[in-house]
Amino acid sequence: MKNASEDRKGPAVEPTAGPAASARERAAHQAPSPHDEQHGTRNRVARSILDHGPSTAAELALRLELTQAAVRRHLDALAAEGVVEPREKRIYGARGRGRPAKAFALTDCGRDAFDQSYDQLASDALRWIAQTAGGGEMGEAAVAAFARARLAAQAEGYREAVEAAEPEARTQALAEALTADGYAATARSAPNSQLGEQLCQHHCPVAHVAEQYPQLCEAETEVFSRLLGTHVQRLATIAHGDGVCTTFIPKAGKTAHSTTGRMTKTTTESASTAGRNPA
């Protein structure tokens with residue numbers, strides 16, 4: 001199999017001399033692996049479809065200065081990964097003889113691999129909610145009401161899994177349900193296993209927005225408390241700079257204390273502080 005670099009029609013361009021030439025020369029000796037080159041070219045194919053819309057193999061080959069055979073190989077791989085899908089190319093005017101060429105378009109999954117403006121859209125929407133409600137405390141209350149409504153609907157998908165589990169396995173059941181929604185969650189014993197467990201979310205799809213609007217974290221913590229039937233304590237959040245969102249779930253009948261260096265908080269503390277780092 002040829003490397004992606006062999007698929008190009010033209011010769012490679014030599015680096016331009018300059019202050020950083022020596023650095024480029026050193027990097028040139030560390031040639032990328034065939035896998036890296038294939039992956040890089042595949043990304044260029046997908047990006048070209050994003051920029052120009054559904055494209056045929058011939059159009060992509062001309063645009064990227066690759067052979068059509070090479071482009072078809074990359075399109076086959078991208079289609080197998082669910083990044084692109086073939087469509088019949090729309091013909092305007094009289095149709096010529098023969099079957100129309102297939103045009104390849106990005107799938108929803110393929111579009112999600114590129115930068116999106118969802119964070120900005122969500123921030124703008126929440127800002128509008130707050131301003132429309134009058135700003136200040138009324139605005140914060142309106143955002144909190146939206147966050148609770150959103151999380152309440154989301155929690156209905158978790159409730160069945162949690163209620164079907166044995167009491168001692170409910171944190172694990174909630175972690176699995178969260179993982180299915182993209183939160184990469186795990187359940188583990190707390191440092192003092194006699195006191196309870198920790199629910200750890202290693203990914204937060206709304207972290208950037210929650211940094212501006214902690215009501216999202218607070219509503220989530222309230223939902224965890226209702227689902228598990230106990231007061232819980234949010235110890236850390238990705239939105240506030242921690243590596244993992246960590247929630248402490250005490251064992252039944254236990255009132256655990258979490259020392260944070262300067263002060264101690266109990267798990268019976270109001271959920272209004274959820275989503276904010278411990279002091």
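Just above sits the structure.
On a predicted model such as this, the values are computed, not experimentally measured, just so you know.

**Details of the sheet that holds strand 3 (residues 185–189)**
Right, on to step 1. Across the sheet, 4 strands lie side by side as 3-4-6-5; this open sheet has antiparallel pairing. The open sheet has two edge strands, strand 3 and strand 5 (233–236), and neither has a second partner. Each strand of the sheet is rotated relative to its neighbour by a mean of 25°, with strand direction disregarded.
Right, on to step 2. One ladder, built from 6 bridges, connects strand 4 (residues 196–201) with strand 6 (residues 245–250); its direction is antiparallel.

**Some details on helix 3 (residues 57–64)**
Right, on to step 1. Among the residues making up helix 3, those that are buried are Ala-57, Leu-60, Ala-61 and Leu-64. Each buried residue of helix 3 sits inside an arc of 100° when the element is viewed along its axis, so together they form one side.
Right, on to step 2. Count one or two residues on from helix 3 and you reach Glu-65, which has phi positive near 60°.

**Structural notes on helix 7 (residues 136–164)**
Right, on to step 1. Taking 1.5 Å as the rise per residue, helix 7 with 29 residues should run 42 Å; its terminal C-alpha atoms sit 42 Å apart, in good agreement.
Right, on to step 2. At Tyr-158, helix 7 shows its maximal bend, which comes to roughly 40°.
Right, on to step 3. Taken residue by residue, helix 7 has Gly-139, Val-143, Ala-144, Ala-147, Leu-151, Gln-154, Ala-155, Tyr-158 and Val-162 as its buried positions.
Right, on to step 4. Summarising the contacts, the buried residues of helix 7 are in contact with helix 6 (118–132), helix 8 (170–180) and helix 10 (215–228).

**Some words on the environment of Pro-167**
Right, on to step 1. If you trace the backbone, Pro-167 turns up in the loop between helix 7 and helix 8.
Right, on to step 2. Sequence separation between Pro-167 and Leu-228 is 61 residues, and the spatial gap between their C-alpha atoms is 8.6 Å.

**Side note on the side chain of Arg-234**
Right, on to step 1. With respect to the helices and strands, the residue Arg-234 is situated in strand 5.
Right, on to step 2. Within the structure, the side chain of Arg-234 is placed 2.9 Å from the side chain of Glu-220, a separation counted as a polar contact.
Right, on to step 3. At 2.8 Å, the side chain of Arg-234 and the side chain of Thr-247 are in polar contact.

**Details of the packing of helix 8 against helix 10**
Right, on to step 1. Where helix 8 meets helix 10, the axes come as close as 10 Å, and the angle between the chain directions of the two elements is 135°. By the angle between their axes, helix 8 is oblique relative to helix 10. Regarding helix 8 and helix 10, the two cross each other, and that crossing is right-handed. Here helix 8 contributes Arg-170, Thr-171, Leu-174 and Leu-178 to the contact with helix 10, which in turn contributes Phe-224, Leu-227 and Leu-228.
Right, on to step 2. Taken together, the residues of the contact of helix 8 with helix 10 sort by class into 5 nonpolar, 1 polar and 1 charged.

**So, the environment of Leu-64**
Right, on to step 1. Relative to the assigned elements, Leu-64 resides in helix 3.
Right, on to step 2. Between the C-alpha atoms of Leu-64 and Thr-41, which are 23 residues apart in sequence, the distance is 9.2 Å.

Here is what the cut-offs are and how they apply
Residues numbered from 1 in each chain as written. Predicted model: local features only at pLDDT ≥ 70, side-chain atom pairs only at ≥ 80, totals over all residues. Heavy atoms only, no water. Pairing = 2+ DSSP bridges. Helix = DSSP H or I, 4+ residues; strand = E, 2+ residues; numbered from the N terminus. Axes fitted to C-alpha atoms, helices over the stretch in contact; angles between N-to-C directions. Buried < 20%, exposed > 50% of the residue type's maximum accessible area, 1.4 Å probe, protein only. Arc of directions from axis to C-beta. Expected span 1.5 Å × (residues − 1). Bend = angle between axes of the 7 residues up to and from the residue. Contact = heavy atoms within 4.5 Å. Polar contact = N/O pair within 3.5 Å; in protein donor to acceptor, adjacent residues only side chain to side chain. Parallel < 35°, antiparallel > 145°, perpendicular 65-115°, else oblique. Left-handed = near helix turned anticlockwise from the far one by under 90°. Nonpolar A, V, L, I, M, F, W, Y, C, P; charged D, E, K, R; others polar.

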